[in-house]
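Analysis of the macromolecular model
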Amino acid sequence: MNLLSPTVTALAYLVAAVLFILALKGLSSPKSARRGNLLGALGALIGVTTVFLSHELDNIGWILGVIAVGAVLSVPASRMVQMTQMPQLVALFNGVGGGAAAVVALLELQHADTLGFLVAVAFTVFVGSVSFSGSIITFMKLQELMTTRPVTFPGQQFVMIALVLVVGLGSYFVIADASYTWAIALMALGLLGGVLVVLPVGGADVPIVISLLNALTGLAVAASGLVLGNTLLLVGGTLVGASGTILTREMAQAMGRSVTNTIFGAFKGGSTAGSTEASDRPVRSSSAEDIAILLGYANRVIIVPGYGLAVAQAQHTISELQQALEAKGIEVVYAMHPVAGRMPGHMNVLLAEASVPYELLVEMDQVNPQFKNADVALVVGANDVVNPAAKTTPGSPIYGMPILDVAEAQQVVFLKRSMRPGFAGIENELLFEQNTTLLFGDAKDSLTKVLGSVKSL
């Protein structure tokens, strides 16, 4: 039974759309991110409730059952997921959204009555399928269920040319034969295309691809809004598509690459390789006690957090070390690279968990001029974002990527588990410089030892 009039339904969708916009605004800052999430969830709740109250729904039992199953699966998963696994969780959510849009569009084909409707169906089926399969591959790469290195195959340079076939098939579907057979064929090509496009992408490029696929999912959802005649889906999908596109461009710029180079460069062997071979070149290493002395007698320390800190769950320990140094009158700030932790804002959220003051998190453009006045730069788990090869080695896969100018500090202390390279799979020349000292071990264990020694000074 329809309990809401068309006017009330439209107003409810408008409220939900405004909440989505406010959610995106809230997510732009760690201070307001929690509120932004809640606003977005409230908007989604209003949208779903409005659908139930404004339409005659068939199979209501199946719908409620599926919602219940989704809740049972998602709530424990969201509570158990570690912060370091957030990028792959985003990839999974993104893939599910794209896949759902494709399936809904396929089912709605039976109601096709206009050319515009068929165009929306073809677009949603194909793009949603690309997003689904591509997101699954990115999840598997980040979760290390498969190699993070580029997976190449014969004839991969012709994959993009095959898009012409997709356009041709889509045109035939829209103009000549809008049947389930051709729609399923379009879906199959989308699934295959998502796999083949993402497989050659490796290393540090994977998070950028996740963001791009997220934008594609948004466009697919917006198109499904046209298919279903649902304004909220159209608005929400457009917001996701637009914000995902902006984020993709920002991430690509932070890596010193264009979006086209990130995607198409993979077919030329240009993406980061993700090698795991450890270097055997000699380096200068030291003990936690010596590092504590170096830090304890400094005037200014800049901490550079990275993915290794996140993996070790050492955010609380680094916060304690920061407070111990500040208690001795030492100035401490954190240097934040745009893609530290693999995703924008990932490291900011991690440090916020440990109650690190937001004003101590200094973005790359502001902190880089400060390194030359720093007595010690303490690098914890970061590698590629401080690698001078981005500036000095034209043949490097990260050449041109903006980096933190850690090398300009008086002394550099590197906390590393081993001499294996970072996610980009290349050696970091900074490790072999005269002013660099390494402390090997798990980041949390090493920081705990340094913290204890600093307190005893």
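Summarised in this report is the structure supplied together with it. Values in this document were obtained by computation on a predicted structure and should not be read as measured data.

1. Describing the overall build of the protein
Helix and strand counts for the protein come out as 17 helices and six strands. In the protein, which comprises 457 residues, the proportion classed as buried is 48%. Intrachain contacts of the protein at a sequence separation of at least 6 include 78% that bridge at least 24 residues. If you sum the accessible surface of the protein, you get close to 21,400 Å²; carbon and sulfur atoms cover 64% of it.

2. With respect to the side chain of serine 133
Tracing the sequence through the fold places serine 133 in helix H5 (residues 115-142). Setting aside residues no more than four positions away along its own chain, serine 133 makes contact with Gly190, Leu191, Gly194 and Val195.

3. Points about the pairing of strand E2 (residues 331-336)
The element E2 is largely enclosed, with a buried count of five among its six residues. Sheet topology note: the strand E1 (residues 300-305)/E2 ladder contains four bridges and is parallel. Note on E2: the bridge partner recorded for isoleucine 302 is valine 333. Alignment of E2 against strand E3 (residues 361-363), held across three bridges, turns out to be parallel.

4. Structural notes on the packing of aromatic side chains
Tallying each qualifying case throughout the model produces one aromatic pair. Ring geometry for tyrosine 172 and tryptophan 182: centres 5.1 Å apart, planes at 70 degrees, overall edge-to-face. Here tyrosine 172 is found in helix H6 (residues 163-175), whereas its partner tryptophan 182 is found in helix H7 (residues 180-198), with 10 residues between them in sequence. By relative accessible area, tryptophan 182 is classed as partly exposed at 30%.

Conventions we followed
Residues numbered from 1 in each chain as written. Predicted model: local features only at pLDDT ≥ 70, side-chain atom pairs only at ≥ 80, totals over all residues. Heavy atoms only, no water. Helix = DSSP H or I, 4+ residues; strand = E, 2+ residues; numbered from the N terminus. Buried < 20%, exposed > 50% of the residue type's maximum accessible area, 1.4 Å probe, protein only. Contact = heavy atoms within 4.5 Å. Areas by Shrake-Rupley, 256 points an atom, 1.4 Å probe, with all protein chains shown as cover. Pairing = 2+ DSSP bridges. Phe/Tyr/Trp six-rings, centres within 6.5 Å; stacked < 30°, edge-to-face > 60°.

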